[in-house]
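Structure at a glance
Spelled out, the chains give:
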Amino acid sequence: MMHVHELDGWAGTKDIELYAKARSQGFQAIITNDGKQLNRPMEVEATARSELHRIQYRQNNKHGGLVGLGTAIATVCAALPHALAELEEAHGQRLVSLTAVDLSRRSRLQVTDPAVELPKHWPGR
């Protein structure tokens, strides 16, 4: 997996050109957080013509900063191995949308105050 900024001469490449360029260089898939690409006819055409798999994840701008970044990273880490396994079995181009992890605080962590609720085997229990 490589980022466009790691490839000489690729930084700043517009999406329409990126798909053709990636295909010509032997890439098999593109991962993006640009959810609007499939609403722009020229980009849809470039995607289809490239025959590359397109994997999309959502960058949650509603919850910016560390929460938004953490959610995006967690989504990609949790779902990408499954997506790649699916694509290895695919015959033909696929469009994949990764489902975001639940970012609510309650579903992400549990906090215990040992002064109030003693954990099992806690000293003084």
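Higher on the page you've got the structure.
Cut-off values and rules
Residues numbered from 1 in each chain as written. Predicted model: local features only at pLDDT ≥ 70, side-chain atom pairs only at ≥ 80, totals over all residues. Heavy atoms only, no water. Helix = DSSP H or I, 4+ residues; strand = E, 2+ residues; numbered from the N terminus. Buried < 20%, exposed > 50% of the residue type's maximum accessible area, 1.4 Å probe, protein only. Core = buried A, V, L, I, M, F, W, Y, C linked by side-chain atoms within 4.5 Å. Contact = heavy atoms within 4.5 Å. Polar contact = N/O pair within 3.5 Å; in protein donor to acceptor, adjacent residues only side chain to side chain. Salt bridge = Lys/Arg side-chain N within 4 Å of Asp/Glu carboxyl O. Pairing = 2+ DSSP bridges. Axes fitted to C-alpha atoms, helices over the stretch in contact; angles between N-to-C directions. Right-handed = clockwise from strand over helix to strand, strands pointing away.

1. Comments concerning unusual backbone geometry
In this structure, Glu51 takes a positive phi of about 65° despite not being glycine. Within the fold, Glu51 resides in the loop between helix H2 (41-50) and strand S2 (53-56). Overall, the relative accessible area of 49% leaves Glu51 in the partly exposed class.

2. Here's the deal with the nonpolar core
Judged by nonpolar contacts, Ile55, Tyr57, Ala72, Val76, Ala79, Leu80, Ala83, Leu87, Val96 and Leu98 together constitute the single largest core of 10 residues. Ranked by the residues each element gives to this core, the list is headed by helix H3 (residues 65-89), at six residues. Apart from the residues within four sequence positions on either side, Leu98 is in contact with Ile55, Gln56, Tyr57, Thr75, Val76, Ala79 and Ala83. Listed in part, the seven residues of the second largest apolar core include Trp10, Leu18, Tyr19 and Ile30.

3. Focus on the side chain of Thr32
Along the chain, Thr32 falls in strand S1 (residues 29-32). Owing to a relative accessible area of 11%, Thr32 belongs among the buried residues under this scheme. At 2.9 Å, the side chain of Thr32 and the backbone nitrogen of Asp34 are in polar contact. Once residues lying within four places of it in the same chain are set aside, the contact partners of Thr32 are Gln37, Arg54, Ile55, Gln56 and Tyr57.

4. Considerations on the pattern of salt bridges
For the structure shown, the criterion picks out four salt bridges. Among the ionic pairs, Arg23 bridges to Glu51, the shortest N-O distance being 3.4 Å. Of the two residues, Arg23 is situated in helix H1 (residues 15-24) and Glu51 in the loop between H2 and S2; the sequence distance between them amounts to 28 residues. Residue class for Arg23 comes out partly exposed when judged on its relative accessible area of 40%.

5. Regarding the sheet that holds S2
The strand order S1-S2-S3 describes an open sheet built from three strands, whose pairing is parallel. Looking at the sheet topology across the chains shown, the edges are occupied by S1 and strand S3 (95-97). Between one strand axis and the next, the sheet turns by 15° as a mean value, whatever way the strands run. Taken together, the four bridges between S1 and S2 define a ladder with parallel strand orientation. What sits directly across from Ile30, in S2, is Arg54.

6. Topic: the pairing of S1
Of the two faces of S1, only the one carrying Ile30 and Thr32 is buried; Ala29 and Ile31 on the other face are not. Between the parallel elements S1 and S2, the chain passes through H2 in a crossover that is right-handed.

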